Amino acid sequence: MKKILIIRFSSIGDIVLTTPVIRGLKKRHPNCEIHYLTKSKYAILLKNNPYLSKIVLLENSLFDCIKRLRKENYNVIVDLHNNLRSFIIKRFLNKKAFSFNKLNWEKWLYTNFKINKLPDKHIVDRYLEASDKLGVAIDNEGLDFFIDSKVMREVEKVFPEVNERYVCFCIGGQHYTKKLPLKKIINICQHLNLRTILIGGPEDKAAGDKIAEICKNTLNTCGNLTIHQSAFIIQKSLLLITHDTGMMHIASALNKKIISIWGNTVPAFGMYPYMPKNRDKFKIIENRNLKCRPCSKIGYNECPKEHFRCMNEIDTVSIVKAIEVFLN
């Protein structure tokens, strides 16, 4: 076997969660080239990965991409996205392919009727099952994320606070229903006895400024850092407080302690922190006393029930106590 193509177009978390497949394929087939097809904005997540030979970008035209892929003459395709676009690619390349089962029917049952038929298995292990016929097995070595040393120097120059003791708080989330209300984040930061560094995207900057204004020992970096720079902030921290986000999975790859806060989504979807050798390094905070949860496998811009109890009833005192336990 000479070349294997892995397909996963998005998102931050999902791509990081596929890294054990990359590593497993390379270790099982050391002389094989491993190529990874993704969107250009997610390629940075795979930068510096020593198990990858090439990152192929899906840009404007799907069929232009297929033309480029045909020239590579792959032996096998491992489809970890399994949607219409990846189906078209597989059909045109006409190579042997193994696909990931997304369990959409089971997720639909759970979100609409609260009937949980999902396997008690992390999504990483399900990704690995898609390549088990290629000799890849679960190695329990966790996720991979490789930070460029240049990034480290850049962050230390701009934010010397990273050389002090601090906790990191990822205040963002892909959807409103996956994020704590601002007043609860402020309450947590006010009760921490350590410096807190906030990370997030440009859309989180205004909220970060408000938190930093009220909580004097808080530094807001939201909107000012790349993914790799934010990852370095996490790496240097004592622990990460986060919602159900891609940064949670990067923290897992960096083997950091994690306080993981869940709103409308649930860990039963199989995307909680993947730390097979260090299951005691993360704590999940969620409101389990709701019949309406999970209401979506992704999230909403507002609570469909208009009460947002999944986050409004989260006890911030329990979060602060969990942080203190981890730090002690």
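Okay, so let's go over this structure. Just so we're clear, the structure is a prediction, and the values are computed from it rather than from any experiment.

## Topic: the sheet that holds strand β11 (residues 282-285)
Part 1 of the reasoning: Pairing is parallel across the open sheet formed by six strands, whose spatial order is β8-β7-β6-β9-β10-β11. In this open sheet, the two strands that pair with only one neighbour each are β8 (218-220) and β11. Here the strands of the sheet are splayed against their neighbours by 20° on average, with no regard to which way each runs.
Part 2 of the reasoning: Bridge count for strand β9 (residues 240-243) against strand β10 (residues 258-261) is four bridges, and the pairing is parallel. Paired with Leu 240 across the two strands is Ile 258, which belongs to β10.
Part 3 of the reasoning: Contacts between helix α9 (residues 205-214) and the sheet are confined to β7 (195-199) and β8, with β8 contributing the most and set at about 160° to the helix.

## Focus: a nonpolar patch on the surface
Part 1 of the reasoning: Taken together, Trp 105, Trp 108, Phe 113 and Ile 115 make up a surface patch of nonpolar side chains, about 460 Å² in accessible area.
Part 2 of the reasoning: Along the chain, the position of Trp 108 falls in helix α5 (residues 104-113).
Part 3 of the reasoning: A residue is classified by how much of its surface remains accessible, and Trp 108, at 40% relative accessible area, is partly exposed.

## So, the sheet that holds strand β2 (residues 33-39)
Picture the strands of a sheet paired through backbone hydrogen bonds; they go either parallel or antiparallel.
Part 1 of the reasoning: The strand order across the open sheet formed by five strands is β3-β2-β1-β4-β5, and the pairing between neighbours is parallel. Every interior strand has two partners, whereas the edge strands, β3 (54-58) and β5 (96-99), have only one. Strand-to-strand, the axes of this sheet are offset by a mean angle of 20°, without reference to chain direction.
Part 2 of the reasoning: As paired elements, β2 and β3 share five bridges and run parallel to each other. Counted as the bridge partner of Lys 39 is Leu 58 from β3.

## A word on unusual backbone geometry
Part 1 of the reasoning: At the junction of Ser 10 and Ser 11, the peptide bond is cis and its omega measures out at -5° in the coordinates.
Part 2 of the reasoning: In this fold, Ser 11 is placed in the loop between β1 (3-7) and α1 (12-17).
Part 3 of the reasoning: A cis amide bond links Arg 293 to the next residue, Pro 294, at an omega of 5°.
Part 4 of the reasoning: For Asn 73, which is not glycine, the phi dihedral falls at a positive 55°.
Part 5 of the reasoning: Following the sequence through the fold, Asn 73 ends up in the loop between α3 (62-72) and β4 (76-79).
Part 6 of the reasoning: Residue classification places Asn 73 among the partly exposed residues on the basis of a relative accessible area of 49%.
Part 7 of the reasoning: Even without a glycine there, the phi angle at Asn 140 is positive, about 60°.

## Some thoughts on the nonpolar core
Part 1 of the reasoning: Core analysis: the largest hydrophobic core is formed by 58 residues, its most contacted members being Ile 6, Leu 25 and Ile 233.
Part 2 of the reasoning: Here this core takes five residues from helix α11 (residues 246-253), the largest share from any one element.
Part 3 of the reasoning: What Leu 25 contacts, discounting residues up to four positions off in sequence, is Ile 4, Ile 6, Ile 34, Val 78, Ser 131, Leu 134 and Val 136.
Part 4 of the reasoning: Ile 185, Cys 189, Leu 192 and Val 320 belong to the second-largest nonpolar core, a separate cluster that totals 30 residues.

## Thoughts on the pairing of β4
Part 1 of the reasoning: Alternating positions in β4 separate into two faces, Val 76 and Val 78 on one and Ile 77 and Asp 79 on the other, with burial throughout.
Part 2 of the reasoning: A crossover links β4 with its parallel partner β5, the connecting element being helix α4 (residues 84-93), and its sense is right-handed.

## Considering the packing of α3 against α4
Part 1 of the reasoning: Two numbers describe how α3 lies on α4: the axes approach to 10 Å, and their chain directions differ by 40°. Judged by the angle between their axes, α3 and α4 are oblique. The interaxial crossing formed by α3 with α4 has right-handed handedness. Mapping the contact onto sequence places Leu 62, Phe 63, Ile 66, Leu 69 and Arg 70 in α3 and Arg 85, Ile 88, Ile 89, Phe 92 and Leu 93 in α4.
Part 2 of the reasoning: Among the residues making up the contact of α3 with α4, the classes are represented as eight nonpolar, no polar and two charged.

## Quick notes on the packing of helix α10 (residues 227-236) against α11
To describe two helices that pack against each other, one gives the angle between their axes and the distance between the axes.
Part 1 of the reasoning: One way to put it is that α10 packs onto α11 with a least axis distance of 10 Å and a crossing angle of 55°. For the element pair α10 / α11, the angle class is oblique. When you trace α10 past α11, the crossing you get is right-handed. Here Ile 227, Ser 230, Ala 231 and Ile 234 of α10 come into contact with α11, specifically with Met 247, Ile 250 and Ala 251.
Part 2 of the reasoning: Its residues placed into classes, the contact of α10 with α11 shows six nonpolar, one polar and no charged.

## Some details on the side chain of Lys 3
Part 1 of the reasoning: Looking at where Lys 3 falls in the secondary structure, it is placed in strand β1.
Part 2 of the reasoning: A relative accessible area of 17% means that Lys 3 is categorised as buried.
Part 3 of the reasoning: A polar atom in the side chain of Lys 3 sits 2.6 Å from the side chain of Glu 72.
Part 4 of the reasoning: Dropping the residues within four chain positions of it, Lys 3 is found in contact with Cys 32, Glu 33, His 35, Glu 72, Tyr 74, Asn 75 and Val 76.

## Some details on the environment of Cys 65
Part 1 of the reasoning: Examined against the element boundaries, Cys 65 turns out to sit in helix α3.
Part 2 of the reasoning: The spacing of Cys 65 and Ile 89 is 24 residues in sequence and 8.7 Å in space, taken between C-alpha atoms.
Part 3 of the reasoning: Look past the residues within four positions of Cys 65 in its chain and what remains in contact with it is Leu 37, Leu 57 and Leu 58.

So, how was this worked out
Residues numbered from 1 in each chain as written. Predicted model: local features only at pLDDT ≥ 70, side-chain atom pairs only at ≥ 80, totals over all residues. Heavy atoms only, no water. Pairing = 2+ DSSP bridges. Helix = DSSP H or I, 4+ residues; strand = E, 2+ residues; numbered from the N terminus. Axes fitted to C-alpha atoms, helices over the stretch in contact; angles between N-to-C directions. Contact = heavy atoms within 4.5 Å. Patch = residues over 30% accessible without salt bridge, like charges linked within 9 Å, V, L, I, M, F, W, Y side chains within 5 Å. Areas by Shrake-Rupley, 256 points an atom, 1.4 Å probe, with all protein chains shown as cover. Salt bridge = Lys/Arg side-chain N within 4 Å of Asp/Glu carboxyl O. Buried < 20%, exposed > 50% of the residue type's maximum accessible area, 1.4 Å probe, protein only. Core = buried A, V, L, I, M, F, W, Y, C linked by side-chain atoms within 4.5 Å. Right-handed = clockwise from strand over helix to strand, strands pointing away. Parallel < 35°, antiparallel > 145°, perpendicular 65-115°, else oblique. Left-handed = near helix turned anticlockwise from the far one by under 90°. Nonpolar A, V, L, I, M, F, W, Y, C, P; charged D, E, K, R; others polar. Polar contact = N/O pair within 3.5 Å; in protein donor to acceptor, adjacent residues only side chain to side chain.

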